[in-house]
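Spelled out, the chains give:
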Amino acid sequence: MVLLSIFIGVVSAQEDVSCYHCHTKVVNEFRNNIHYDKGFNCASCHGGAEKSNSSLISNTVMSGDFVGRPTRNNITGICSKCHVKETEDYKTSIHWDAIQKGHPEAATCTDCHGIHEIRAIKDPNSSSNHHNSPVTCAKCHSNNEMMSAWYYGIKADRFDTYKESFHWRALDRGYTLVATCADCHENHKTKSHTDPTSSTYPENIPKTCGKENCHEGVNFDAKVAGGLVHDKESLHTAELKWNKTGMDSNMKDYFLGPFDLAYWIAIFFKILTTTVIGFFTGMVILDFLSRLKIQRRF
């Protein structure tokens, strides 16, 4: 009788094994996933055989269309089963283009949205939440080795220069209606600034900055909009340019002789602002000390 019970228990364990049995941590993460809330389960992405009771997976799970851990090249294909429009947009991006050229470490869906703990964009804990997107992008774009390896030498100071901008300072203080990476570079259709269809292509920047909920209705031209994008944007430096042969005509407009005025004017206003604030702060302190001294006389 005891042997029969053990036999039945072993058979049941073989026929009825949940993913939680082996992948406890992953399943716990998945329970915070927006897909879990909508009724999806492990097999929805990983494939394989499953019972009608979606809480349990049969011992034949690793059969049929089971893919196990998808390769980075195949992640987009899995997500595209539901997210058709987003996939179409993503396949126009520089990230997808890099993957197609043999750089699988380029950003794919899970790098921005997470893997098992994918949350709604409005969720403050989501990696793709508006407030969190700069840190999410910085995971790759602040990595010197990664940037030089697959992105052909792009500078890894994008997050650092963004931190110098008004947008980041306002965002860091709790304001939400300020631009982050996705607002300028677009979510899924991220393209190189040299691509004429890119939102950051020089001629398209005024339109990008002037879209709804940003600087709508502001009258500025491409030269103004193409200024210090990240504040300490490396396009504008203190380097003297004596030879401007081959330089973009818009960039030439910033120069007075060998001096890049966009860089020096920004420095001037920073010094001016600091000086003015310091002067008036000093005047307030002197006035306070003077009043305090007068009061002591009486």
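Since the structure is predicted, the reported quantities are computational estimates derived from the model, not experimental observations. (Residues numbered from 1 in each chain as written. Predicted model: local features only at pLDDT ≥ 70, side-chain atom pairs only at ≥ 80, totals over all residues. Heavy atoms only, no water.)

Caption draft 1: Quick look at the nonpolar core. In terms of nonpolar packing, the biggest core is built from 7 residues, these being Ala138, Phe159, Tyr162, Trp168, Ala170, Leu171 and Val178. If you list the elements that add at least two residues to this core, you get α11 (158-162) and α12 (166-172). Per element, the largest residue contribution to this core is 3 residues, and it comes from α12. Aside from chain neighbours lying at most four places away, what touches Ala170 is Tyr175 and Val178. (Core = buried A, V, L, I, M, F, W, Y, C linked by side-chain atoms within 4.5 Å. Buried < 20%, exposed > 50% of the residue type's maximum accessible area, 1.4 Å probe, protein only. Helix = DSSP H or I, 4+ residues; strand = E, 2+ residues; numbered from the N terminus. Contact = heavy atoms within 4.5 Å.)

Caption draft 2: Looking closely at the pattern of salt bridges. One pass over the full model with this rule turns up 10 salt bridges. A salt bridge links Lys101 to Asp97; the shortest N-O distance between them is 3.1 Å. Asp97 gets classed as partly exposed once you look at its relative accessible area, which sits at 34%. The partner of Asp123 in a salt bridge is Arg119, with the nearest N and O atoms 3.3 Å apart. Through salt bridges that share partners, Glu117, Arg119 and Asp123 make up one connected network. (Salt bridge = Lys/Arg side-chain N within 4 Å of Asp/Glu carboxyl O.)

Caption draft 3: Summary view of the side chain of Asp89. You can see Asp89 is positioned in helix α6 (residues 84-90). By relative accessible area, which is 17% here, Asp89 ends up buried. Contacts of Asp89, omitting those with residues within four sequence positions, involve His188 and Lys189.

Caption draft 4: Molecular detail of the state of the cysteines. By the definition in use, this model includes 0 disulfides. Among the cysteines around Cys140, which has no disulfide bond, Cys112 carries the closest sulfur, lying 7.5 Å off. Owing to a relative accessible area of 14%, Cys140 belongs among the buried residues under this scheme. Here Cys209 is not disulfide-linked; the sulfur of Cys184 is the nearest cysteine sulfur, at 6.1 Å. (Disulfide = S-S within 2.5 Å.)

Bear in mind that shape data such as this cannot, by itself, settle questions of function.
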